[in-house]
Amino acid sequence: MIKVVYEVVPHDGGWAYRLGGVYSEAFPTHAEALEAARIVADEQQVGGDSAEISWQDENGKWHEEYAEGGDRPETEVVDSQWKGRAAEASQGM
(Lines give C-alpha, C1' and ligand atoms only; values in the text may rest on other atoms or scores of the structure.)
Protein backbone atom coordinates (compact mmCIF):
# COMPACT_ATOMS: atom_id res chain seq x y z
CA MET A 1 0.00 0.00 0.00
CA ILE A 2 1.21 3.50 -0.80
CA LYS A 3 1.69 5.97 2.03
CA VAL A 4 1.14 9.69 1.38
CA VAL A 5 2.80 12.06 3.88
CA TYR A 6 1.81 15.72 4.09
CA GLU A 7 4.28 17.88 6.02
CA VAL A 8 3.32 21.24 7.54
CA VAL A 9 6.21 23.69 7.02
CA PRO A 10 6.97 27.43 7.00
CA HIS A 11 6.43 28.77 3.48
CA ASP A 12 6.15 32.11 1.71
CA GLY A 13 5.84 34.20 4.87
CA GLY A 14 3.29 31.86 6.44
CA TRP A 15 2.65 28.14 6.65
CA ALA A 16 1.79 25.47 4.08
CA TYR A 17 1.59 21.73 3.76
CA ARG A 18 3.93 19.96 1.36
CA LEU A 19 3.72 16.67 -0.47
CA GLY A 20 7.06 15.76 -1.95
CA GLY A 21 8.37 19.02 -3.37
CA VAL A 22 4.93 20.56 -4.00
CA TYR A 23 3.53 23.17 -1.61
CA SER A 24 -0.06 24.10 -0.94
CA GLU A 25 -1.18 27.69 -0.83
CA ALA A 26 0.31 29.68 2.05
CA PHE A 27 -1.80 30.03 5.18
CA PRO A 28 -1.34 32.89 7.67
CA THR A 29 -1.08 30.59 10.69
CA HIS A 30 0.39 27.22 11.52
CA ALA A 31 -2.98 26.04 12.86
CA GLU A 32 -4.73 26.82 9.55
CA ALA A 33 -2.11 24.95 7.52
CA LEU A 34 -2.26 21.98 9.90
CA GLU A 35 -6.06 21.84 9.65
CA ALA A 36 -5.92 22.08 5.84
CA ALA A 37 -3.38 19.23 5.71
CA ARG A 38 -5.60 17.08 7.92
CA ILE A 39 -8.60 17.75 5.68
CA VAL A 40 -6.65 16.83 2.54
CA ALA A 41 -5.29 13.67 4.20
CA ASP A 42 -8.82 12.66 5.25
CA GLU A 43 -10.12 13.25 1.72
CA GLN A 44 -7.49 10.82 0.41
CA GLN A 45 -9.23 8.09 2.41
CA VAL A 46 -12.58 8.54 0.63
CA GLY A 47 -13.11 5.91 -2.04
CA GLY A 48 -14.54 6.78 -5.39
CA ASP A 49 -15.58 5.14 -8.61
CA SER A 50 -13.17 2.91 -10.46
CA ALA A 51 -11.98 4.54 -13.68
CA GLU A 52 -9.39 4.58 -16.43
CA ILE A 53 -6.86 7.30 -15.64
CA SER A 54 -3.91 8.87 -17.40
CA TRP A 55 -0.95 10.50 -15.69
CA GLN A 56 2.40 12.00 -16.63
CA ASP A 57 5.62 10.86 -14.96
CA GLU A 58 8.62 13.01 -14.06
CA ASN A 59 10.14 12.37 -17.51
CA GLY A 60 7.07 13.68 -19.32
CA LYS A 61 5.84 10.24 -20.44
CA TRP A 62 2.09 9.64 -20.27
CA HIS A 63 0.69 6.43 -18.79
CA GLU A 64 -2.81 4.96 -18.77
CA GLU A 65 -4.09 2.54 -16.17
CA TYR A 66 -7.20 1.29 -14.43
CA ALA A 67 -7.63 2.81 -10.96
CA GLU A 68 -9.68 0.83 -8.46
CA GLY A 69 -11.96 3.32 -6.65
CA GLY A 70 -11.59 1.62 -3.26
CA ASP A 71 -7.79 1.40 -3.42
CA ARG A 72 -6.82 4.33 -1.18
CA PRO A 73 -3.36 5.21 0.16
CA GLU A 74 -2.45 5.39 3.81
CA THR A 75 -2.04 9.05 4.85
CA GLU A 76 -0.12 10.89 7.54
CA VAL A 77 0.31 14.54 8.50
CA VAL A 78 3.74 15.48 9.88
CA ASP A 79 3.99 18.73 11.81
CA SER A 80 7.46 20.25 11.35
CA GLN A 81 6.87 22.68 14.22
CA TRP A 82 6.16 19.81 16.61
CA LYS A 83 9.19 17.85 15.32
CA GLY A 84 11.41 20.88 15.97
CA ARG A 85 10.17 21.27 19.54
CA ALA A 86 10.57 17.53 20.20
CA ALA A 87 14.18 17.64 18.93
CA GLU A 88 14.97 20.68 21.12
CA ALA A 89 13.48 18.97 24.17
CA SER A 90 15.47 15.77 23.62
CA GLN A 91 18.71 17.75 23.23
CA GLY A 92 18.06 19.56 26.52
CA MET A 93 17.84 16.29 28.46
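Residues numbered from 1 in each chain as written. Predicted model: local features only at pLDDT ≥ 70, side-chain atom pairs only at ≥ 80, totals over all residues. Heavy atoms only, no water.

As recorded by an unreviewed UniProt entry, the chain carries the name DUF2188 domain-containing protein and is attributed to Rhizobium leguminosarum.

Caption draft 1: View of the overall build of the chain. Along the backbone of the chain there are two helices and six strands. From first element to last, N terminus to C terminus, the chain shows the α and β order β-β-β-α-β-β-β-α. Within the span of the chain, comprising 93 residues, buried residues form 26% of the whole. Restricting the contact set of the chain to residue pairs at least 6 apart, pairs at least 24 apart contribute 42%. (Helix = DSSP H or I, 4+ residues; strand = E, 2+ residues; numbered from the N terminus. Buried < 20%, exposed > 50% of the residue type's maximum accessible area, 1.4 Å probe, protein only. Contact = heavy atoms within 4.5 Å.)

Caption draft 2: Fine view of the packing of aromatic side chains. Within this structure, the stated rule accounts for one aromatic pair. Both rings, one in Y6 and one in Y17, keep their centres 5.8 Å apart while their planes meet at 80°; by these two values the pair is edge-to-face. Highlighted residues: Y6 in strand 1 (residues 3-11) and Y17 in strand 2 (residues 14-19), separated in sequence by 11 residues. With respect to burial, Y6 and Y17 carry one shared label: buried. (Phe/Tyr/Trp six-rings, centres within 6.5 Å; stacked < 30°, edge-to-face > 60°.)

Caption draft 3: Up close: the sheet that holds strand 6 (residues 74-79). Read from one edge of the open sheet, four strands run 3-2-1-6, paired in mixed fashion. The sheet terminates laterally at strand 3 (22-23) and strand 6, the two strands that pair on one side only. In this structure, strand 1 lies alongside strand 2, joined through five bridges in antiparallel fashion. Looking at strand 2, one finds that V9 is bridged to A16. (Pairing = 2+ DSSP bridges.)

Caption draft 4: Layout of the pairing of strand 5 (residues 62-67). Sheet topology places strand 4 (residues 51-56) next to strand 5; six bridges connect them, and they run antiparallel. Looking at the pairing, I53 lines up with E65 of strand 5. Counting the residues that bridge the hairpin from strand 4 to strand 5 gives five residues, and of these G60 lies at a positive phi of roughly 85°.

Caption draft 5: Focus on the layout of surface pockets. What the largest pocket holds in volume is close to 240 Å³. For the largest pocket, the lining is made up of 10 residues, of which I2, E65, D71, R72 and P73 are closest to its centre. Looking at side-chain class alone, the lining of the largest pocket contains five nonpolar, one polar and four charged residues. (1 Å grid on protein atoms, 1.4 Å probe; cavity = no way out; pocket = protein on both sides within 12 Å on 5 of 7 lines; lining within 4 Å. Points joined across faces, edges and corners; volume = space filled by probe spheres on them. Nonpolar A, V, L, I, M, F, W, Y, C, P; charged D, E, K, R; others polar.)

Caption draft 6: Molecular detail of the pattern of salt bridges. Counted by the stated rule, this structure contains three salt bridges. Put simply, E74 and K3 hold a salt bridge, and the shortest N to O gap is 3.9 Å. Separated by 71 residues along the polypeptide, E74 in strand 6 and K3 in strand 1 bring together distant segments of the chain. Here E76 and K3 are joined by a salt bridge, their closest N and O atoms 2.7 Å apart. Taken as a pair, E76 in strand 6 and K3 in strand 1 lie far apart in primary sequence, 73 residues in all. Take K3: its relative accessible area is 43%, and that puts it in the partly exposed class. Connected through shared salt-bridge partners, K3, E74 and E76 make up one network. (Salt bridge = Lys/Arg side-chain N within 4 Å of Asp/Glu carboxyl O.)

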